[in-house]
Every structure is written in C-alpha cells, then in structure tokens.
Amino acid sequence: MSTMTFGRAINAGLRKAMENDPKVVLMGEDIGKLGGVFRITDGLQKDFGQHRVMDSPLAESGILGTAVGMAYRGYRPVIEIQFDGFIYPAFDQIVCQVAKLHYRTQGAVKMPLTIRVPFGGGIGSPEHHSESPEAYFTHTSGLRVISVSNPQDAYVMIQQAIASDDPVLYFEPKRRYHVKGEVDESVDITASSMNDARVVVEGSDVTLVTYGPLVPTARDAATAASDDGVSVEVIDLRSLAPIDFATVEKSVRKTGRLVITHEAAQSGGLGAEIAASITERCFYHLEHAPVRVTGFDIPYPYSKLEFHHLPDLDRILDGVDRVLDRPNSLSSQSGLEG
Amino acid sequence: MPLNNRVDADPDELVQLIGPNGERRENAAYDRWVTGVDGPALQALYEDMVVIRRIDAEATALQRQGELALWPPLLGQEAAQIGSGRALREDDFVFSSYRENGVAYCRGVDLTDILRVWRGNASSGWDPYGINMATPQVIIGAQTLHATGYAMGILNDGADAVAVTYFGDGATSQGDVNEAMVFAASYQAPVIFFCQNNHWAISEPVGLQAHVPIAHRAPGFGIPSVRVDGNDVLACLAVTREALDRARTGGGPTFIEAVTYRMGPHTTADDPTRYRDANELEDWAAKDPIARLAGLLDSQGLLPAEVTDAVKTKADDVAARLREGCISMAEPEALDVFKHVYSEPNSWLARQQDQYERYLASFESSNSDSTELTEGSR
C-alpha cells in the first residue's frame, strides 16, 4: 500500500500493463519526453523506448486511425487524447471504425484499444479544455466507456481497460489528477470488474448516482445531508457503458428516491438514460420522479462562469431536497415542483 | 461558380510499358522491374483481367436480377487492380475501398465471399487474416490510416512486409488521407498509397478534388510519387514492384497514382449519363486495358484461339460458381444481429437480446395458441 496522486496511479497502472504485455504501446501527442501535458506518461518512454511510447503528429484522426492499423497487426494501443475537446476530430475513426470493426468482421478483428481522455472542467482552462463528451460514446455500440474517481480505481481500471479485448474509453477527471489516495499495487486486477458500480456511501433515504469528477462532491453532499438528518447513498458508476443498473436498482428499491449528477449537459445525457432505465425497472418503488443535477445545455463557459455550470455541493443538496419534497429552489417561489 | 472539371495530365509523365495499340514501349527506369515477365506470365495477367471483368459483369447482372442489393463495378480498372495486386507477397496486407474486388481476387478470396456484403448477408465478406486483406472500407479514406498504422506495426516487428492501401481520387480530398501521408512520412512506414484516379467520384469530376495531378501532392509530404498509366497492366506491375522494394528495404512510403477510368457507373444505383459526356467514355474505351494487353500478346503470337478459348472457359466457370454461390448463400439467423458487437459480455446488450428472444418466442406461442383454437373450433 502506498500513497500516490491520481495521475501517478494511472502512470503506475500503465507501467504495469506495459511490463506484462509487450504488445501494449502508447500513442499520443507530447507523451514521450514531456510525459504528456499532465505528465501521466512521465518516464515511460525513457524506460520502454520510442517504439513503445510513440509521440504522434498533431492529428487526432491520424492517431486513432493508425492505432486501428496497429491493432490489426496485433498490438494493444493506448491512446492519449490531450484534452476532451480534441477528441472530436477523431470521432469518425472511433465511432465508425474502432467501435464497429469487431462486429463488421464477425469477430475476426479485435480492437483492444484504450482511449484515455482527460475530461471535465474546474481548472480554469480556455475553450475545448473542459468538456464532458462521454454521452457521444455511450450512445455508440461496440465501445465501453468508464470513468475513474480515485487513485486505487485509476490504477486497477487502466489495467483492466488495456486487458479488455473491447475498445475502452477511459475518462480521467483532470481536476482530480493531484488528489492523493492509497493505492494497493499488489491487487489482482482480475478479481474485480470495471463494469461494476461501487457504493461509496451507504444510505437509506436517497440514492445519489454519479461518476468521475463529481464523486468526491457527492460524498461531501452525503455528509452534509446526514448533518441535516437525511441518509444519502452515493453510487460511483465507474462504468458508463454499460451501466451496472443492477446496483442502482437495488439501491433505489431501498431508498425510493433517485438523484443523478454529472458535469455534462443535461439533454440527451447519461442522467436521462439512468432516469429512464431506473423508472422502467422500479417504477412502483419510486416515491418521486428522478431528478437530474447537471451542467447546462450550453457550450462550456469561460472560466469565470464555470462554477455556475458545474454542479456543486449546494446544487446537489437542492436536488436531494427536491426528491424528498422538502423546500427547495423550485418550490419556494412558485409552489410548483420543477 | 465554375469548376475546374479536368486535371490535365501530361501523357509523357505517365509510366507506360504498353502503348495504346499494344506495342511494347521501352522504359529505362521501369523495364528492370518486369524482366521476368515472360510469355506465360503475360498470358496469366490477361487471364486475370478477363476473369475479373467477367466476375464484375456477372455481379452486375445478379444485381439487376434482384440477387444483390448493390454492386460497385470496376469495369475499366482491371489493369490497375491486377497489375498492383499481382505484385504483392502473401504476407503483405491490403486495406482497400469497396471497388477493389480485382485485388481481392489476387489475394485468393473465395468467390462467394465477394458478394456477401452486397447481398446484405454480412457486414464483411471474409476473414481479413485469411487473405491478408482488410474488409472493404466505405468511409472513403479511413483505410489509408489503417494501412499506415499496420505499417508502423510492421516496423515495430522488424518485419519486411508492406501495407498497401487503395483509394480513389475523391478520397484524396479527405483529411484522413492527408493525415495518413503525414504519419507515413514521419515514421517512414512501409506503406504504399495506391490511388486509382478513375476520374469520377460518383458525379464529381477529378478536377473538383484536385487542381494539379494528385500524385504531385505526395512530395510535399516527403513521399516519392509516380503517375502510371492505369490501363497498362505491365506498368502498374512495375511501379508497384518498385514501391514494394523501396518499402521492404527501409525506403518508406510511396504514392502511386494510377490514371484510369471508371467505364461503368459508381454503383448499380448510379446513372452516369446524367453527368458524363458519351464522347469521354468513347475516348477511354479506346484505351481499354484488356484490349491493350491482348494487342501485345497477339503481336508476339501469344494469343492463339486455344488461349482465348481457355480463358473464356475459365471466366465462364468462375461466373457460374459466383452465381451459384450467391443464390445458395445461407440466410443469417435473427439473433445473429446481436453477435460480435463486443468480445466480452455486455449487460445492456444481453438484456436487449433476452427481451427480443422472448418477443420472438411470443409469436411461436401465439401461433400454437391459434392452432389450438382452430383445432378446438373444428
């Protein structure tokens, strides 16, 4: 057991995966000598060489498309997309090629790519550096999408993503890179599944579902709510496609109330999928319609405004009040529930 | 806005080993790549071209008869596909577009497999590793990156195989083709960019894609390029062999522009009379790649009736097998729709499959219910 930052934990996981399998290669912009703009690949090119840690030309479709060719040749490429907003030029290669080649070839061609995406806001960056594009990819069959929220999961799940024969988008909450936590490097990565959600805090009144950067915020909200006599169960989804609905369903059957929070825009987002699926599965156990606390349906705002956009402790607690029919921001003025 | 609808080609710039009337033309730079191509080898190239033209005609007929949903004819491009395809080694790997059925033939594809996609029975016709050729790409240009990445893998493996990617003149406008050239040059990847400039991207003339000959772009990426007469099978063989040799010996990528012509429609859904001058077609018919090689063979006494008869018999036999394979193809099962989306189990998909299975089963139980009612009413 050792203490390391989130970023360091991913680095350690990458290193372990590269040691275990010579077919694992890293591809991306600035990932070699610089170690990536967030230093996640720090030191790996020095230790594994330029053939294993490949600095790429600045062309995202090129990176993804050549990674497809590497996978055809039997490699397991791990791609770093420098920032979330830079993934869009690679969109065609991800959704038309990476996601579909296994299906298209009736299983003959495997696409064991891992696409690492530093995502989300809260670091005061300019445009294109703070986006939450996960729903584009959860909507695409053939892809697996996961998001990590703590150093231990980051260490284990990067290895699980690389070991998976399916393509995996691995979303890293960049504003948490410097958060420290305990990491057990001796853990057997085959003993758990990246597909399984995790109950972070147990509770009995409200189920609060989230993932990635908002997990610590949700945990703080649960602590604050408990001071107010409300017991909130917090679930970290970990896997966004597929979502472990069994775990969420079990919780909602117990609490009867569901709040979902994510940074991404609301409409057509994961919150909508979760609300619909859980309503289908446990309609008669719900005491209130599921409530979403999310980013707005706006382009990611400039940094002086981003904390209005990002769900915080108080907005999440307001959502908790709404599902409990307690006085809340929408009830106080009009008397109408929103 | 007026469009440049023609990229002028300097005929002297094209590598040509067989002239329009079948005369052998000496070429100091490229003759050495075809020194071993003797009479029987030339006859084999002739047979290949006749056979794939016959395959193409049969598939077009099958589409017209409703046996195929669609077919992309290669009529006119036989020399480009056979000349390049026959230059390759078994361990080379091809990433093509959807029109390269002649190349697939060179790779040894099972005939029926060519038709699976176009009959709608599968998303791909063959196992890519069975013939070292990826399944045809519909997103034009995407495969050029796949070939480049594969070639980067060859480099990492220390092997001397080559990746070859086929695409058309329209694809050269795509970002992916240009990014592929950047990557190929940067890593000096053993990849050949084989562009079949067939002059038309559906209804759009090559002049809308390029203001200068397409091959002139590659040197700007640091990639040597060559323009070859795409209707000259021997010249296509020669330039491909040279490019393969360069790639195998550490010389990196090559860009080949085979200047040819799509004599048929883009696909069987297309009507080229709406956008194309009949005179243009006539001009190119005079440059027919098979007639040209036949002229050379004839001038050397290599095309007696027994050869043309034998080739025709083979082509007819191939066409008959193609037709038989097409109409006897097994239909996929309903639940195949869920297969191979993922390598590993997926809870979302498993639930949808389970629900659909129960839905399908509900018809069977309701059928048996109605049977009981009918019987009961008797």
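The numbering scheme is per chain: residues are counted from 1 as the chain's sequence reads. Think of it this way: whatever chain is written first is A, whatever ligand is written first is 1, and the rest follow in order. Confidence filtering applies because this is a predicted model: local features only for residues at pLDDT of at least 70, side-chain atom pairs given and counted only at 80 or more, and all residues used for totals across whole chains, interfaces and linings. The side-chain quantities take in all heavy atoms of the structure and omit both hydrogens and water.

Chain B appears in an unreviewed UniProt entry as Pyruvate dehydrogenase E1 component alpha subunit from Arthrobacter pigmenti. As stated in UniProt under Cofactor (unreviewed entry), the record for chain B gives "thiamine diphosphate". UniProt positions are given in the numbering used here, feature names are shortened, and annotations may be inferred rather than shown by experiment.

Per an unreviewed UniProt entry, the recorded name for chain A is 3-methyl-2-oxobutanoate dehydrogenase (2-methylpropanoyl-transferring), and the organism is Arthrobacter pigmenti. Per UniProt, chain A carries the Cofactor (unreviewed entry) text "thiamine diphosphate".

A count of helical and extended segments in chain A gives 13 helices and 14 strands. Using a 1.4 Å probe on the protein chains alone, a residue whose accessible area is under 20% of its type maximum counts as buried, one over 50% counts as exposed, and one in between counts as partly exposed. Out of the 338 residues in chain A, the part that is buried amounts to 61%. Of the contacts made within chain A by residues no fewer than 6 positions apart, 80% connect residues no fewer than 24 positions apart. Residue-level accessible areas treat just the shown protein chains as cover; the underlying method is Shrake-Rupley with a 1.4 Å probe. Total accessible area on chain A is roughly 12800 Å²; 52% of this is exposed by carbon and sulfur atoms. Here chain A carries 32 positive and 44 negative side-chain charges, and the mean point of each set is 5 Å from the other. Only DSSP runs of H or I covering at least 4 residues are called helices, and only runs of E covering at least 2 are called strands; the numbering of each starts at the N terminus. Should any heavy atoms of two residues lie within 4.5 Å, those residues are considered in contact. Two residue types count as positive, namely Lys and Arg, and two as negative, namely Asp and Glu; His and chain ends fall outside the count. Note on charges: their place is set at NZ of Lys, CZ of Arg, CG of Asp or CD of Glu.

Glancing now at the packing of helix α1 (residues 6–20) of chain A against helix α7 (residues 151–163) of chain A. All names here are of chain A. With their axes 8 Å apart at the nearest point, α1 and α7 run at an angle of 30° to one another. Here α7 runs roughly parallel to α1, going by the angle between their axes. Note on packing geometry: the crossing formed by α1 with α7 is right-handed. When α1 is examined against α7, the residues F6, A9, I10, A12, G13, L14, K16 and A17 are found in contact with a partner set consisting of P151, A154, Y155, I158, Q159 and I162. Residues of the contact of α1 with α7, tallied by class, amount to 11 nonpolar, two polar and one charged. Here an angle of 0 to 180 degrees is reported between the N-to-C directions of two axes, which are lines fitted to C-alpha atoms, with helices fitted over the stretch in contact. To sort the angles, those under 35 degrees are grouped as roughly parallel, those over 145 as roughly antiparallel, those from 65 to 115 as roughly perpendicular, and the leftovers as oblique. Working rule for handedness: look at the near helix, and if it is turned counterclockwise from the far one by less than a right angle, call the crossing left-handed; if clockwise, right-handed. All residues other than Ala, Val, Leu, Ile, Met, Phe, Trp, Tyr, Cys, Pro, Asp, Glu, Lys and Arg, Gly among them, are scored as polar; the first ten of these are nonpolar and the last four charged.

The next subject is the confidence of the model for chain B. All names here are of chain B. With 94% of its residues at a pLDDT of at least 70, chain B reaches an overall mean of 94. Contacts for the low-pLDDT stretch residues 374–378, under 50 throughout, to residues beyond four places or in other chains number zero contacts. We note a pTM of 0.95 for the whole complex and an ipTM of 0.95 for its interfaces. Predictor confidence is given residue by residue as pLDDT, running from a minimum of 0 to a maximum of 100.

Right, let's get into the packing of helix α1 (residues 39–64) of chain B against helix α2 (residues 78–85) of chain B. All names here are of chain B. Two numbers describe how α1 lies on α2: the axes approach to 10 Å, and their chain directions differ by 130°. By the criterion of interaxial angle, the relationship of α1 to α2 is oblique. By crossing handedness, the relation of α1 to α2 is classed as right-handed. Listed contacts from α2 to L45, D48, M49, I52 and R53 of α1 are E78, A79 and I82. Class assignment of the residues belonging to the contact of α1 with α2 gives a composition of five nonpolar, no polar and three charged.

Moving on to α7 of chain A. All names here are of chain A. The span one expects for a helix is its residue count, reduced by one, times 1.5 Å. Between its first and last C-alpha atoms α7 spans 19 Å; for 13 residues at 1.5 Å apiece the expected length is 18 Å, and the two agree. With 11 of its 13 residues buried, α7 lies for the most part within the structure. Under the rule applied, a polar contact is a pair of N or O atoms within 3.5 Å (in protein, one hydrogen donor and one hydrogen acceptor; residues adjacent in sequence only if both atoms are side-chain atoms). For α7, the capping residue at the N-terminal end is N150, with a side-chain oxygen 3.2 Å from the backbone nitrogen of Q152.

What follows deals with the packing of aromatic side chains. Pairs were defined over the aromatic rings of Phe, Tyr and Trp, the Trp ring being its six-membered one, requiring ring centres within 6.5 Å. Orientation was assigned from the angle between planes: stacked under 30 degrees, edge-to-face over 60, tilted for the rest. The tally for this structure, following the rule as stated, stands at 28 aromatic pairs over all chains. Here the aromatic rings of W71 of chain B and W118 of chain B are separated by 6.3 Å at their centres, their planes lie at 75°, and the arrangement is edge-to-face. On the criterion of sequence distance, the pair formed by W71 of chain B in the loop between α1 and α2 and W118 of chain B in helix α4 (residues 111–119) is long-range, its members being 47 residues apart. Take W71 of chain B: its relative accessible area is 0%, and that puts it in the buried class. For W118 of chain B, a relative accessible area of 14% puts it in the buried group. Counting every residue linked through ring pairs, the aromatic cluster contains Y88, F91, F119, Y136, F137 and F171 of chain A. The ring of Y75 of chain A carries K23 of chain A above its face, with NZ or CZ at 4.5 Å from the centroid. Here, a charge over a ring is recorded when the distance from Lys NZ or Arg CZ to the ring centre is within 6 Å and its angle to the ring normal is within 35 degrees.

Residues and elements named next belong to chain A. Reported domain spans reflect what an automatic or database domain assignment gives. Examined at the domain level, chain A breaks down into domain 1 (2–183) and domain 2 (198–333). Placing a centre on the C-alpha atoms of domain 1 and another on those of domain 2 gives a separation of 27 Å. Every contact between the two is made by 25 residues of domain 1 and, on the other side, 24 residues of domain 2. Between domain 1 and domain 2, roughly 1800 Å² of surface is buried when both sides are summed, and carbon and sulfur atoms account for 54% of that area. Counting the surface domain 1 buries against domain 2, the share from its top three residues, S149, R175 and R176, is 24%. Salt bridge, as used here, is a side-chain nitrogen of Lys or Arg placed within 4 Å of a carboxyl oxygen of Asp or Glu. The interface formed by domain 1 and domain 2 contains three salt bridges. E263 is the salt-bridge partner of R175, the closest N and O atoms lying 2.4 Å from each other. Accessible surface is computed with a 1.4 Å probe, and the buried area is the amount of it that two parts give up when combined, taken over both parts together.

With that settled, consider the pattern of salt bridges. Residues and elements named next belong to chain B. Within this structure, the stated rule accounts for 41 salt bridges over all chains. Across the salt bridge formed by E23 and R25, the nearest N and O atoms sit 3.2 Å from each other. Between D229 and R292 there is a salt bridge whose closest N-O contact spans 2.8 Å. Residue D229 is located in strand β6 (residues 225–229), and its partner R292 is located in helix α10 (residues 289–299); the two are separated by 63 residues in the primary sequence. Here D229 matches R292 in class, with each residue buried. Ionic contacts of the salt-bridge type, sharing partners, join the residues R54, E58, K312, D316 and R323 into one network.

We now examine the environment of Y300 of chain A. All names here are of chain A. Counting through the fold element by element, Y300 comes out in the loop between β14 (291–295) and α11 (306–309). Overall, Y300 belongs to the buried group, its relative accessible area being 18%. Linking Y300 and R175, residues 125 residues apart in sequence, is a C-alpha distance of 15 Å. The contact partners of Y300, leaving out residues within four places of it in the chain, are G121, G122, S130, E306, H309 and L310. A distance of 2.4 Å separates polar atoms of two side chains, one belonging to Y300 and the other to E306.

This part takes up the environment of I235 of chain A. All names here are of chain A. Tracing the backbone through its elements, the reader meets I235 in strand β11 (residues 232–236). The exposure class assigned to I235 is buried, which follows from its relative accessible area of 0%. Distance in space between the C-alpha atoms of I235 and A272 is 16 Å, their sequence separation being 37 residues.

Our focus in this paragraph is the pairing of strand β5 (residues 114–119) of chain A. Residues and elements named next belong to chain A. For β5, a buried count of six out of six residues is recorded, marking the element as mostly surrounded by other parts of the structure. Burial of the side chains of β5 extends over both faces: T114, R116 and P118 are buried on one face and I115, V117 and F119 on the other. Relative to β5, strand β4 (residues 76–80) runs parallel, the two being bridged by three bridges. Note that in β5 the partner of I79 across the bridge is I115. Pairing analysis gives six bridges linking β5 to strand β7 (residues 168–173), with the strands arranged parallel. Residue pairing across strands places P118 opposite E172, the latter belonging to β7. By definition, two strands form a pair when at least two bridges between them are found by DSSP.

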